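Breakdown of the fold
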Amino acid sequence: MKKFLKILLGILVIAGLVYAALMFFTSGSRDIAKQFVLLNGTGDHAAAHALLHPELQKQFTIPQLTDAFAGDDTYTDVSFSSVSTGGGVTELQGVATTANECSSTVAFEILKGQIISFNVSPVCR
């Protein structure tokens, strides 16, 4: 019985270390994605635009970001329930919530500190 508990404790410690490492190594990507949502929510579309990869900036100009997020509620919280990383790309999925309790799903792909793909659906108005 003691041997079983030691093995179980070892597995839990290893799982905890893996989780902590994942959170540590993806913290920058999570911050970038969170800032993108919050900046668009406050109307600072130019700062949000700067977080995009240069090729994505060509597809989504500042006026297009402004139109996409026009009239949206201000998001107050962004949390990610799914975080994965591999091949240099971090994929994040989660929920953004407004003060009025409206929620949107959010999904991001981040490469070398730049957003290469994003989806906020539906945008809370």
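Look up a bit, the structure's there.
Below: a short report on this structure. Chains are numbered independently. Their residues run from 1 in the order of the written sequence. Where totals are concerned, whole chains, interfaces and linings use all residues; where local detail is concerned, this predicted model gives features only for residues with pLDDT of at least 70, and gives and counts side-chain atom pairs only at 80 or more. To obtain the side-chain values, all non-hydrogen atoms of the structure were used and water was disregarded.

**Quick word on the overall build of the protein chain**
Strands here are runs of E lasting at least two residues and helices are runs of H or I lasting at least four, both read from the DSSP assignment and numbered beginning at the N terminus. Along the backbone of the protein chain there are five helices and four strands. Counting from the amino terminus, helix and strand elements in the protein chain follow one another as α-α-α-α-α-β-β-β-β. When we talk radius of gyration, it's over C-alpha atoms, and the globule rule is simply 2.2 Å times the number of residues to the 0.38. At 18 Å, the protein chain has a C-alpha radius of gyration far larger than the 14 Å of a compact globule built from 125 residues. For the protein chain, the spread of C-alpha atoms along the principal axes amounts to about 65 × 35 × 15 Å. Whether two residues are in contact is decided by their heavy atoms: any pair within 4.5 Å suffices. In the protein chain, the proportion of contacts linking residues at least 24 apart, taken out of those at least 6 apart, comes to 46%. Where accessible areas are quoted, they stem from the Shrake-Rupley method and a 1.4 Å probe; at the residue level, only the protein chains shown are allowed to cover. For the protein chain, the exposed surface amounts to about 7,500 Å²; the carbon and sulfur share of it is 61%. Just so you know, the count uses Lys and Arg for positive and Asp and Glu for negative, and it drops His and the chain ends. A single reference atom marks each charge: NZ on Lys, CZ on Arg, CG on Asp, CD on Glu. Where the 8 positive side-chain charges of the protein chain centre and where its 10 negative ones centre are 21 Å apart.

**Some remarks on the nonpolar core**
Take the buried residues of types Ala, Val, Leu, Ile, Met, Phe, Trp, Tyr and Cys, join any two whose side-chain atoms come within 4.5 Å, and each joined set is a nonpolar core. Only protein chains enter the calculation, and the probe is 1.4 Å; a residue is then buried if its accessible area is under 20% of its type maximum, exposed if over 50%, and partly exposed in between. Grouped together as the largest cluster of nonpolar side chains are 25 residues, with contacts concentrated most on F36, V37, F80, V106, F108, I115 and F118. Secondary-structure elements contributing two or more residues to this core are helix 2 (27-42), strand 1 (75-86), strand 2 (89-98), strand 3 (103-111) and strand 4 (114-121). Top element by residues in this core is helix 2. It accounts for six residues.

**Some remarks on the sheet that holds strand 4**
The strand order across the open sheet formed by four strands is 1-2-3-4, and the pairing between neighbours is antiparallel. Across the chains shown, the open sheet's two edge strands, defined by having one partner strand only, are strand 1 and strand 4. Shown here is a sheet whose adjacent strand axes are inclined to one another by a mean of 20°, direction ignored. Pairing between two strands is assigned when DSSP locates at least 2 bridges connecting them. Of the pairings in the sheet, the one linking strand 1 to strand 2 comprises ten bridges and is antiparallel in character. Each bridged residue has a counterpart across the sheet, and for Y75 the counterpart in strand 2 is T98. Axis definition: a line fitted to C-alpha atoms, over the contacting stretch in the case of helices. Angles run 0 to 180 degrees between N-to-C directions. Packed on one face of the sheet, helix 2 meets strand 1, strand 2, strand 3 and strand 4 and runs near 145° to strand 1.

**Quick look at the state of the cysteines**
A pair of sulfur atoms, both from cysteines and within 2.5 Å, is called a disulfide here. Per the stated rule, a full pass over the model turns up one disulfide. A sulfur-sulfur distance of 2.0 Å marks the disulfide that ties C102 to C124. Its S-S torsion of approximately -85° makes the covalent link between C102 and C124 left-handed. One end of the pair, C102, is in the loop between strand 2 and strand 3; the other, C124, is in the segment after strand 4, and 22 residues separate them in sequence. A relative accessible area of 27% means that C102 is categorised as partly exposed.

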